[in-house]
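Residue-level structure breakdown
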Amino acid sequence: MAEDLQKKVAELKDQGNRALTSGNTQEAIRLYGEAIKIDPTNHVLYSNRSAALAKASNYELALVDAEKTVELKPDWVKGFSRKGTALSFLGRHEEAKMAYEEGLKLDPENQQLKDGVKDAQAHLTGPAGSQPIGGNPFAAPGIMKRIETDPRTKGFLAQPDYMEKLKQLQQNPQALGNHLQDPRIMTTLSVLLGVDLQQAREEDMDQRSSPPAKDEPEPMEEEEEEELTDAQKEAKEEKKKGNEAYKKKDFETAIQHYDKAIELDADDITFLTNKAAVYFEMDRLEDCIKESEKAIERGREVRSDFKLIAKAFFRIGQAYFKQENYKDAITYYNKSLTEHRTPEALKKCQEAEKLRKEREENAYVDPEKAEEEKALGNDLFQKGDYPNALKHYSEAIKRNPQDPKLFSNRAFCYTKLAEWQLGIKDCDECVRLDPKFLKGYLRKGAILQAMKQWGRAQDVYSKALDIDPNHQEANEGYKKCLQTMSQDPEEIKKRAMADPEVQNIMSDPAMRVILDQMQNEPGALNDHLQNPEIRAKIQKLMESGLIQIR
């Protein structure tokens, strides 16, 4: 396309943006149409006209333009958002849901599309599977609290005419068209929908997103419709230069450009957060924190997007994390998550919490105090005061978590209190810390005996005997388990069937026939013993205790 035609398209588009921003939707539609006649393959023009048509309540044509947008640029998420919006306005919520889901295939983390799916689903099912619900944002639950807590709308509640209009809209959302020129109503709608209907922002800034309400379309492409002053345009150029210098790790130059951008446009806090990012890379962490704090303070003053505020809090958290100040890092990660929940902030917060816990535990370690607590626990144990002995053993473990003797003592205490599983857990920790710690096996064997789990107890005593074959307690425990199991048919069967070789023998159909024959015809045993393979299997079953021959 010739350069003069490109300029004409850009001029018409800008005029359309201004008309739409001022509420003159018909003029905006006309101007976008003129631009489309010159450049019929420009997907942004169709997208913007779709937004204007939706605002004019011409949802059928809004859908046509949205579908054209998708046709021209099928990899552009905004096209599916426009399509979902138009379908939602038409009450075709199932199709709207599908459109939003198609967009999510391109951008799975797009919150606006996620909210669109959620909103469409709500219209389809209603609460708890009831009939489809309506889409009046002014009648949604809890709106008065949202209006009261938002600084942009809090003061409106004291104005009688505003309250009267709000009441009308709660009863009849179609009356919104009569109040579009009232900035208070538009601000309220922005708060309720979670979108900025008054001004646009750069596309590279995170946007507050929410599913579109029935009475108002979502904003247009912010990058395309934003009206900038000369100073703001110059500030954007400085930011771009700063970003380029940052990528080259020319940090001093990057700071110079960001400082210039801040001078030109003090209301755009991305310049401050970008500068903070430079300081972070330079390890000037205190400066990083200060710049981020400036961004938060300024952002509150000019009502910046809450996601930008979240980024500034996250940046402070990152600086504290780098300083290994995990306590403050967690505080600011949580502040960031309060503003806007992101997987990155959540992951870093969890990581900081883990590191802080490890540090606190390590700082608490004191082997001398552990011995003092152990002595107190032993004294109380001897007196039969097991609950209080348990408290001192637990404190000793906190003071020295690498000492297997402490876990052994507490396991013995748990045994006295019949807390078998807790005792086993401590015994396992004993032998994890020291695989040769004999008492850990003995304690566990005794607990399993008390639980009448003779097979498991025998295995544990066997491991103890591997360490010390002559240990009296281990030998006695092992023999008791054998004796008990030989007298308990169920235990014998259970243990035998735990042996894979026995399982294979018992699952062999031929062996089952032979065993049945041996039971009914005792004389058949001699014949079967002539076969070496069958004789070996019968011997294995006899050794396991599963069969006896008299």
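Note that the structure is a prediction, hence the values are computed from the model and not measured.

1. As for the environment of Leu482
With respect to the secondary-structure elements, Leu482 resides in helix α25 (residues 472-487). On the basis of relative accessible area, Leu482 is assigned to the partly exposed category, the value being 39%. Along the sequence, Leu482 and Gln458 sit 24 residues apart, while their C-alpha atoms lie 7.4 Å from each other.

2. Comments concerning the UniProt feature "domain: STI1" (unreviewed entry) in the protein
When the UniProt feature table is mapped to this numbering, "domain: STI1" (unreviewed entry) covers residues 140-179 and 499-538. With 80% helix and 0% strand, residues 499-538 has end C-alpha atoms that lie 15 Å from one another.

3. Some points on the environment of Thr229
Topologically, Thr229 is positioned in the loop between α11 (222-225) and α12 (230-247). Separated by 36 residues in sequence, Thr229 and Asp265 have C-alpha atoms that sit 9.6 Å apart.

4. A few points about unusual backbone geometry
One non-glycine residue, Lys249, adopts positive backbone phi at about 65°. Following the sequence through the fold, Lys249 ends up in the loop between α12 and α13 (251-264). We note that Ala418 has phi near 60°; this positive angle belongs to a residue other than glycine. In this structure, Ala418 sits in the loop between α21 (404-416) and α22 (420-433).

5. Considering the UniProt feature "repeat: TPR" (unreviewed entry) in the protein
Mapped onto this numbering, the UniProt entry annotates "repeat: TPR" (unreviewed entry) at residues 9-42, 77-110, 235-268, 310-343, 370-403 and 438-471. In this annotation, residues 235-268 is assigned 79% helix and 0% strand; the end-to-end C-alpha distance for the span is 9 Å. Secondary structure within residues 310-343 divides into 82% helix and 0% strand; the distance between the first and last C-alpha atoms comes to 13 Å.

6. Quick look at the packing of aromatic side chains
Evaluation of the coordinates by the stated rule reveals 7 aromatic pairs. Pairing Tyr246 with Phe251 gives two aromatic rings, centres 5.9 Å apart and planes at 55°, and the pair type is tilted. With a relative accessible area of 27%, Tyr246 lands in the partly exposed category. Relative to Tyr333, the ring of Phe314 has its centre 5.5 Å away and its plane inclined at 40°; by these criteria the two rings are tilted. Of this pair, Phe314 sits in helix α16 (residues 306-322) while Tyr333 sits in helix α17 (residues 326-339); the two residues are 19 residues apart in sequence, bridging distant segments of the chain. For the cation-ring pair, Lys322 lies above Phe280, with the distance from its terminal atom to the ring centre recorded as 4.3 Å. The ring of Phe321 carries Lys348 above its face, with NZ or CZ at 3.8 Å from the centroid.

7. Observations concerning the pattern of salt bridges
In this structure the tally under the stated criterion is 30 salt bridges. Residue Arg30 pairs with Glu27 through a salt bridge whose shortest N-O separation is 2.7 Å. In this pair, Arg30 and Glu27 both sit in helix α2 (residues 25-38), 3 residues apart, roughly one turn of the helix. On the basis of relative accessible area, Arg30 is assigned to the partly exposed category, the value being 42%. Since its relative accessible area comes to 27%, Glu27 is described here as partly exposed. Note that Lys444 and Asp428 form a salt bridge whose closest N and O atoms lie 2.8 Å from each other. On the criterion of sequence distance, the pair formed by Lys444 in helix α23 (residues 438-450) and Asp428 in helix α22 is long-range, its members being 16 residues apart. Of the residues examined, Lys444 reaches a relative accessible area of 17% and is grouped as buried.

8. Quick notes on the confidence of the model for the protein
Confidence in the prediction of the protein, expressed as mean pLDDT, is 82, and 87% of residues score 70 or more. Below a pLDDT of 50 lies the segment residues 126-134, which in the model reaches 11 contacts outside its immediate sequence neighbourhood of four places, other chains included. Scored below 50 in pLDDT, residues 198-225 makes 115 contacts in the model with residues more than four places away or belonging to other chains.

What counts, and where the lines are drawn
- Residues numbered from 1 in each chain as written.
- Predicted model: local features only at pLDDT ≥ 70, side-chain atom pairs only at ≥ 80, totals over all residues.
- Heavy atoms only, no water.
- Helix = DSSP H or I, 4+ residues; strand = E, 2+ residues; numbered from the N terminus.
- Buried < 20%, exposed > 50% of the residue type's maximum accessible area, 1.4 Å probe, protein only.
- UniProt positions renumbered as here; feature names shortened; annotations may be inferred.
- Phe/Tyr/Trp six-rings, centres within 6.5 Å; stacked < 30°, edge-to-face > 60°.
- Lys NZ or Arg CZ within 6 Å of the ring centre and 35° of its normal.
- Salt bridge = Lys/Arg side-chain N within 4 Å of Asp/Glu carboxyl O.
- pLDDT = per-residue confidence, 0-100.
- Contact = heavy atoms within 4.5 Å.

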